Amino acid sequence: MSVLPVHHRTVTVRGHEIFYREAGPADAPVLLLLHGFPTSSHMFRDLIPRLAGAYRLIAPDHLGFGRSAAPSAADADYTLAELAALTDDFTEALGLDRFALYVQDYGAPIGLRLALAHPERVTAIVTQNGNAYEEGLGADAWAPVLALIAERTPATEAPVRAIRSLEGIRWQYETGVPAAYRDLLSPDAWHHDAALMAREGQDAIQLDLIADYGSNIALYPAFQEYFRTSRVPLLAVWGEGDEIFVPAGAEAFRRDLPDAEIHLLPTGHFALETHAPAIAELIAGFLERRVVRP
């Protein structure tokens, strides 16, 4: 069986160097992969080769993450709206005028803002623990973040800082993963993320972004209206053990998209770490059934 190569490229967007992974035929339907916190396009390393035969896979690192530029918080606006605008410009720089979205964690507020701005460009949405409903917010995990959103002080910043520590990142990978799947988790993943999160300037960058998440919750009604009016095909492949974005967030999509396909998988927040083959198969079948190719 032939395996298509994965290319590692950069493009300059608004003066910032944006790193991205790309694989698949240039004329194939595009699947734009948008990662979450605290990772990067590295999270798609096992998924991309499995879909590249039929699709053009493009996975950028957001500004401040992975191998993309990470200007200081004093020199760049680290808000979800700004990351979405940069991603919009990224798609235009690559000439992407029609694509399906894969969104996870921060990828959801970024990708759904793209969909609001350009609904005609989005052919489908795959959401893997990418939330758009308040009932999807796990109460315990979100308590310190909501406190920070309500009032940003040294006291509310302190517990949120722990989220990007090695221990905090490992917790995100391991929590909710049943014992039968634990040995599929590669420690390389959380050590990779933790090393990048430990770079100079990351403290302020990540606090700014987390503090801004309230702007995303405020947009939930707009996202839900987009679902109702667009009837965009949507597949939720969700780690049912996720304590950050809990399964109720996956089930909620059916309220506005009755035809949404919902699959709860026996894993956690980073479902690709344990279930990449199953998720690739679900995506391929979903896109083949639900997306009309030009």
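Residues numbered from 1 in each chain as written. Predicted model: local features only at pLDDT ≥ 70, side-chain atom pairs only at ≥ 80, totals over all residues. Heavy atoms only, no water.

1. Examining the pattern of salt bridges
According to the stated counting rule, one finds 20 salt bridges in the structure shown. Between Glu 157 and Arg 161 there is a salt bridge, with its nearest N and O atoms 3.5 Å apart. Here Glu 157 pairs with Arg 161, and both are found in helix H5 (residues 154–161), just four residues apart, close to one helical turn. A salt bridge links Glu 261 to Arg 290; its shortest N-O distance comes to 3.2 Å. Of this pair, Glu 261 sits in strand S8 (residues 261–265) while Arg 290 sits in helix H12 (residues 272–290), and the two are 29 residues apart along the sequence. Of the residues examined, Glu 261 reaches a relative accessible area of 15% and is grouped as buried. Within the structure, one salt-bridge network assembled from shared partners comprises Arg 152, Glu 157, Arg 161, Arg 164, Asp 203 and Asp 208. (Salt bridge = Lys/Arg side-chain N within 4 Å of Asp/Glu carboxyl O. Helix = DSSP H or I, 4+ residues; strand = E, 2+ residues; numbered from the N terminus. Buried < 20%, exposed > 50% of the residue type's maximum accessible area, 1.4 Å probe, protein only.)

2. Side note on the UniProt feature "domain: AB hydrolase-1" (unreviewed entry) in the protein chain
Within this numbering scheme, the UniProt entry marks residues 29–275 as carrying the feature "domain: AB hydrolase-1" (unreviewed entry). For residues 29–275, helix accounts for 45% and strand for 13%, while the C-alpha atoms at its two ends are 23 Å apart. (UniProt positions renumbered as here; feature names shortened; annotations may be inferred.)

3. Considering the pairing of strand S5 (residues 99–103)
Of all five residues in S5, five are buried; the element is thus mostly enclosed. Here S5 shows two buried faces, one formed by Phe 99, Leu 101 and Val 103 and the other by Ala 100 and Tyr 102. In the sheet, strand S3 (residues 30–34) pairs with S5 via four bridges, with the strands oriented parallel. The partner of Leu 31 across the bridge, within S5, is Ala 100. The sheet contact formed by S5 and strand S6 (residues 122–127) spans four bridges and is parallel. Following the sheet pairing, Leu 101 is matched in S6 by Ile 125. Between the parallel pair S5 and S6, the chain is carried across by helix H3 (residues 107–117), and the sense of this crossover is right-handed. (Pairing = 2+ DSSP bridges. Right-handed = clockwise from strand over helix to strand, strands pointing away.)

4. What about the packing of aromatic side chains?
Counting across every chain of the model gives 13 aromatic pairs. On the numbers, 5.3 Å between centres and 85 degrees between planes, the contact of Phe 44 with Tyr 102 is edge-to-face. With Phe 44 in the loop between S3 and helix H1 (48–51) and Tyr 102 in strand S5, this residue pair connects regions lying 58 residues apart in the sequence. The class of Phe 44 is buried, set by a relative accessible area of 0%. In this structure Tyr 102 comes out as buried when scored by relative accessible area, which is 0%. An aromatic cluster is built from Tyr 133, Tyr 226, Phe 227, Trp 238 and Phe 253, whose rings are joined through pairwise contacts. (Phe/Tyr/Trp six-rings, centres within 6.5 Å; stacked < 30°, edge-to-face > 60°.)

5. As for helix H2 (residues 80–93)
The end-to-end C-alpha distance of H2 is 20 Å, a good match for the 20 Å that 14 residues give at a rise of 1.5 Å each. Among all positions in H2, only Leu 80, Leu 83, Ala 84, Leu 86, Thr 87, Asp 88, Phe 90 and Thr 91 are buried. Remark: Gly 95 follows H2 within two positions and exhibits a positive phi of approximately 70 degrees. (Expected span 1.5 Å × (residues − 1).)

6. Topic: the packing of H5 against helix H8 (residues 202–211)
Axes are the key here: two packed helices are described by the angle between their axes and the distance separating the axes. Two elements in contact, H5 and H8, have axes separated by 11 Å at closest approach and are oriented at 105 degrees. When the interaxial angle is binned, H5 and H8 end up roughly perpendicular. Along the contact surface, H5 presents Glu 157, Val 160 and Arg 161, while H8 presents Asp 203, Leu 207 and Ile 210. Here the contact of H5 with H8 is built from residues that sort into three nonpolar, no polar and three charged. (Axes fitted to C-alpha atoms, helices over the stretch in contact; angles between N-to-C directions. Parallel < 35°, antiparallel > 145°, perpendicular 65-115°, else oblique. Contact = heavy atoms within 4.5 Å. Nonpolar A, V, L, I, M, F, W, Y, C, P; charged D, E, K, R; others polar.)

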